[in-house]
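Per-entry structural report
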Amino acid sequence: MVNIEELVESLARDAAPVKPAPHPFMLSLRWVAGAVVYLVASLWISGLRPDLMQKLDEPWFVAELASLVLIFIATSLSAAVLVFPDLHQMRKAAWAPVGLFAIFVIVLFFSWRADVPPAPLPMHSFECTVSITLFALLPAAWTFFSMRQFASTHSRWAGSVALLFAFSVGALWLLLHELNNSIIHVIQWHYLPMLGIGLVGWWLGRRFLKW
Amino acid sequence: MTDKSENFEALMKLSLSGDKRAYAVLLQETARFLRPFLARRINSSSEVDDLLQEILISIHKARHTYDGERPYKPWAYAIAKFRLQDHLRAHYADHLHHAVGLSEVENDLQAPVTKSDITYESISGEIEKLPPKQAAILQMMHQEGYTAKEVADKIGMKESAVKVAAHRAYKILRKILER
């Protein structure tokens with residue numbers, strides 16, 4: 001290899017003006033805005049659940065919806081922070097989804113306790129997970145493509161959070177679209193698969209976000 | 001270091017606007033503060049040099065992720081640590097790849113390790129060049145006549161570890177003697 005002085009000289013010769021990357025808040029806002037457009041368009045096509053207005057009167061449904069929206073926002077912010085080598089010196093923002101997932105688990109626990117007598121289980125099962133996953137493919141690909149333009153030093157973590165962000169878009173879509181009141185079903189087939197998605201993202205991050 | 005060169009954030013802002021001279025100073029100063037950081041973690045100076053060059057290239061590739069508004073050093077160190085981890089991972093993976101598996105030496109372990117066609121005295125000069133622990137084990141086994149078990153008891157190692165260390169020492173010696 002050449003010596004350090006030669007390398008510095010050669011790199012300095014390439015120092016053309018460079019546009020700095022946007023702030024993580026802006027980056028996150030772009031991803032959120034894109035995902036919201038995708039979600040609204042999909043709900044426009046697939047339709048809202050017919051009892052949505054009635055469900056919005058139920059506090060635990062609203063709490064589930066609100067915590068899922070917060071996860072959606074927190075994962076996008078975390079992913080945006082994780083694409084910077086130094087996490088934009090906002091390490092706490094990178095960890096934001098952890099607290100929100102904890103809140104989400106508590107909300108689901110109380111929803112389950114409040115579900116007396118339990119709502120009947122729907123006839124289908126894994127189809128929900130498949131639907132959410134398929135719905136999440138486009139936002140996942142888009143987010144990964146966007147993240148590759150930066151320089152993550154936490155590629156596994158970033159990949160995991162990016163897929164959780166995409167999956168939360170899918171979970172929101174199904175929550176607003178599917179006529180289903182069973183908390184057990186929702187936990188089992190809508191939200192537990194998130195753990196698997198996180199692991200897949202961990203693996204994909206290593207492969208696709210390495211630079 | 002001059003005041004100018006210490007102001008990494010200002011230098012980076014100038015660099016991002018295309019100032020080649022500022023960029024050269026920034027990279028030189030970055031190399032200067034990263035070298036001791038790497039030298040504390042890697043023994044070989046040539047490896048430090050190679051890794052430092054890799055880090056400078058990475059800084060060059062990732063410079064758009066730094067806006068000059070937040071402290072520069074944590075950003076540069078984050079990239080340096082990332083590349084260092086990669087380097088160490090590859091280094092240890094390579095070592096593991098070349099390591100002798102216990103199953104590989106099992107046949108040798110069955111053989112009496114205290115018997116050899118070559119006398120200790122005839123190769124004592126070569127033995128002294130071995131790592132100190134291996135040299136001590138060979139000395140005890142071949143000059144002083146201890147068994148592997150006795151050596152293990154004496155130096156507080158497991159018998160199998162003594163045999164593996166002896167085997168490795170034989171391999172090194174064989175290579176030297178075959179030259």
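Residues numbered from 1 in each chain as written. Chains lettered and ligands numbered in written order. Predicted model: local features only at pLDDT ≥ 70, side-chain atom pairs only at ≥ 80, totals over all residues. Heavy atoms only, no water.

Here we look at the overall build of chain B
Applicable threshold: Numbering of helices and strands runs from the N terminus, with a helix taken as a DSSP run of H or I at least four residues long and a strand as a DSSP run of E at least two residues long. Relative accessibility thresholds used throughout: buried, under 20% of the residue-type maximum; exposed, over 50%; partly exposed, between the two (1.4 Å probe, protein chains only). Residue contacts are defined here by distance: any two heavy atoms, one from each residue, within 4.5 Å place the two residues in contact. In short, Shrake-Rupley with a 1.4 Å probe defines the accessible areas, and a residue's cover is counted only from the protein chains shown.
Along its length, chain B carries ten helices and zero strands. Counting helices and strands in the order they occur from the N terminus, chain B gives α-α-α-α-α-α-α-α-α-α. Expressed as a percentage of the 179 residues in chain B, the buried residues total 39%. The long-range fraction of contacts in chain B, counting pairs at least 24 apart against all pairs at least 6 apart in sequence, stands at 59%. Accessible surface, chain B as shown: approximately 10400 Å² in total, 51% of it carbon and sulfur.

What about the pattern of salt bridges?
Test applied: We define a salt bridge as a side-chain nitrogen of Lys or Arg found within 4 Å of a carboxyl oxygen belonging to Asp or Glu.
Tallied over the full model, the rule gives 13 salt bridges over all chains. Lys55(A) is paired through a salt bridge with Glu58(A); the nearest N and O atoms lie 3.0 Å apart. Using a relative accessible area of 9% as the deciding quantity, one classes Lys55(A) as buried. Taking relative accessible area as the criterion, Glu58(A) reaches 35% and is therefore assigned partly exposed. Two residues, Lys13(B) and Glu69(B), come together in a salt bridge whose shortest N-O distance is 3.1 Å.

Here's the deal with the packing of aromatic side chains
Note on aromatic pairs: each is described by the distance of the centres and the angle between the planes. Threshold: Two rings belonging to Phe, Tyr or Trp (six-membered ring only in the last case) form a pair when the distance between their centres is within 6.5 Å. Interplanar angles under 30 degrees mark stacking, angles over 60 mark edge-to-face geometry, and anything in between is tilted. Over a ring means this: the NZ of a Lys or the CZ of an Arg is within 6 Å of the ring centre and within 35 degrees of the ring normal.
If you walk through the whole model with that rule in mind, you get 17 aromatic pairs over all chains. A ring pair is formed by Tyr66(B) and Tyr72(B), whose centres lie 5.6 Å apart and whose planes are at 80°; its orientation type is edge-to-face. Assessed through its relative accessible area of 0%, Tyr66(B) is described here as buried. Arranged with centres 5.7 Å apart and planes meeting at 45°, the rings of Tyr72(B) and Trp75(B) form a pair that is tilted. Taken together, the positions of Tyr72(B) and Trp75(B), both in helix 5 (residues 72-98) and three residues apart, correspond to about one turn of that helix. Among the aromatic residues, those joined into a cluster by ring pairs are Phe8(B), Phe33(B), Phe37(B), Tyr66(B), Tyr72(B), Trp75(B) and Tyr77(B). Geometry around Phe208(A) places Arg207(A) over its ring, the cationic atom sitting 5.9 Å from the centre. Between Lys73(B) and the ring centre of Phe33(B), over which it is positioned, the NZ or CZ distance is 4.9 Å.

Focus: a nonpolar patch on the surface
Residue and element names in this part refer to chain A. Under the convention used in this document: Residues form patches when they are more than 30% accessible in relative terms and have no salt bridge. Like charges link within 9 Å. Nonpolar side chains (Val, Leu, Ile, Met, Phe, Trp, Tyr) link within 5 Å.
Where nonpolar side chains cluster on the molecular surface, the patch consists of Trp60, Ile106, Phe109, Phe110, Trp112, Leu121 and Ile184 and spans about 680 Å² of accessible area. Counting residues per element, the nonpolar patch draws most heavily on helix 5 (residues 91-114), which supplies four residues. Here leucine 121 is to be found in the loop between helix 5 and helix 6 (126-147).

Considering the packing of helix 8 (residues 183-191) of chain A against helix 9 (residues 193-208) of chain A
All names here are of chain A. So the rule is basically this: To get an axis, a line is fitted to the C-alpha atoms, and for a helix only the part in contact is used. The angle between two axes follows their N-to-C directions and goes from 0 to 180 degrees. The labels follow the angle: roughly parallel below 35 degrees, roughly antiparallel above 145, roughly perpendicular from 65 to 115, and oblique for the rest. Ten residues, namely Ala, Val, Leu, Ile, Met, Phe, Trp, Tyr, Cys and Pro, are considered nonpolar, four, namely Asp, Glu, Lys and Arg, are considered charged, and the remaining ones, Gly among them, are considered polar.
Closest axis-to-axis distance for the helix 8/helix 9 pair is 5 Å, and the angle between their directions is 10°. Between helix 8 and helix 9, the interaxial angle falls into the category roughly parallel. Residues Ile187, Gln188, Trp189, His190 and Tyr191 of helix 8 form the contact with helix 9, whose participating residues are Pro193, Met194 and Leu195. In terms of residue class, the contact of helix 8 with helix 9 is made up of six nonpolar, two polar and no charged.

Brief notes about the environment of Lys175(B)
Within the element layout of this structure, Lys175(B) appears in helix 10 (residues 159-178). Sequence spacing of Lys175(B) and Met141(B) is 34 residues, and the spatial spacing of their C-alpha atoms is 20 Å.

Observations regarding the interface of chain B and chain A
Put simply, the rule is: A quick way to say it: buried area is the sum, across both parts, of accessible area lost when two parts are put together, with a 1.4 Å probe. The term polar contact refers here to a pair of N or O atoms within 3.5 Å; inside protein, the definition further demands a hydrogen-donor-capable atom paired with an acceptor-capable atom, and it admits residues adjacent in sequence only when both atoms are side-chain atoms.
If you look at the interface, chain B gives 37 residues, while chain A gives 30 residues. Here chain B meets chain A over a buried area of about 2800 Å², counting both sides, of which 66% is carbon and sulfur. Together, Gln53(B), His64(B) and Phe82(B) form the three largest contributors to the area buried by chain B at its contact with chain A, with a combined 22%. Connecting chain B to chain A are two salt bridges. Its salt-bridge partner being Asp86(A), residue Arg70(B) comes within 2.9 Å of it at the nearest N-O pair. Along the contact surface separating chain B from chain A lie nine residue pairs in polar contact (both at pLDDT 80 or more). At the level of elements, helix 2 (8-16), helix 3 (20-39), helix 4 (45-61) and helix 5 of chain B are the ones that each hand at least two residues to the side of chain B that touches chain A. Element by element, the count of residues in the side of chain B that touches chain A is highest for helix 4 of chain B, at nine residues. Residues that form the side of chain B that touches chain A fall into these classes: 16 nonpolar, nine polar and twelve charged.

Side note on the nonpolar core
When a protein is soluble and globular, its nonpolar side chains tend to lie buried together. For clarity, the cut-off: The criterion is simple. A nonpolar core is a set of buried Ala, Val, Leu, Ile, Met, Phe, Trp, Tyr and Cys residues joined through side-chain atoms within 4.5 Å.
Counting 58 residues, the largest nonpolar core has Met147(A) and Tyr191(A) as the members making the most contacts within it. Residues in contact with Tyr191(A), not counting those within four places in the same chain, are Glu64(A), Leu68(A), Phe104(A), Leu108(A), Ala171(A), Leu175(A) and Val186(A). If you look at the next biggest cluster of nonpolar residues, it comprises 39 residues, including Leu11(A), Ala31(B), Phe37(B) and Ile79(B).

Here we look at the UniProt feature "transmembrane region" (unreviewed entry) in chain A
Heads up, the rule is: UniProt positions are given in the numbering used here, feature names are shortened, and annotations may be inferred rather than shown by experiment.
In the UniProt entry, the feature "transmembrane region" (unreviewed entry) is given for residues 27-45, 65-84, 93-112, 124-145, 157-176 and 182-205 of chain A. Across residues 65-84 of chain A, the secondary structure splits into 90% helix and 0% strand, with the terminal C-alpha atoms separated by 30 Å.

Comments concerning the side chain of Lys55(A)
Residue and element names in this part refer to chain A. Here lysine 55 lies in helix 3 (residues 52-55). In this structure the side chain of lysine 55 is engaged in a polar contact, spanning 3.0 Å, whose partner is the side chain of asparagine 181. Sequence-distant contacts of lysine 55, that is, excluding residues within four places in its chain, are made with Arg49, Phe61, Val62 and Asn181.

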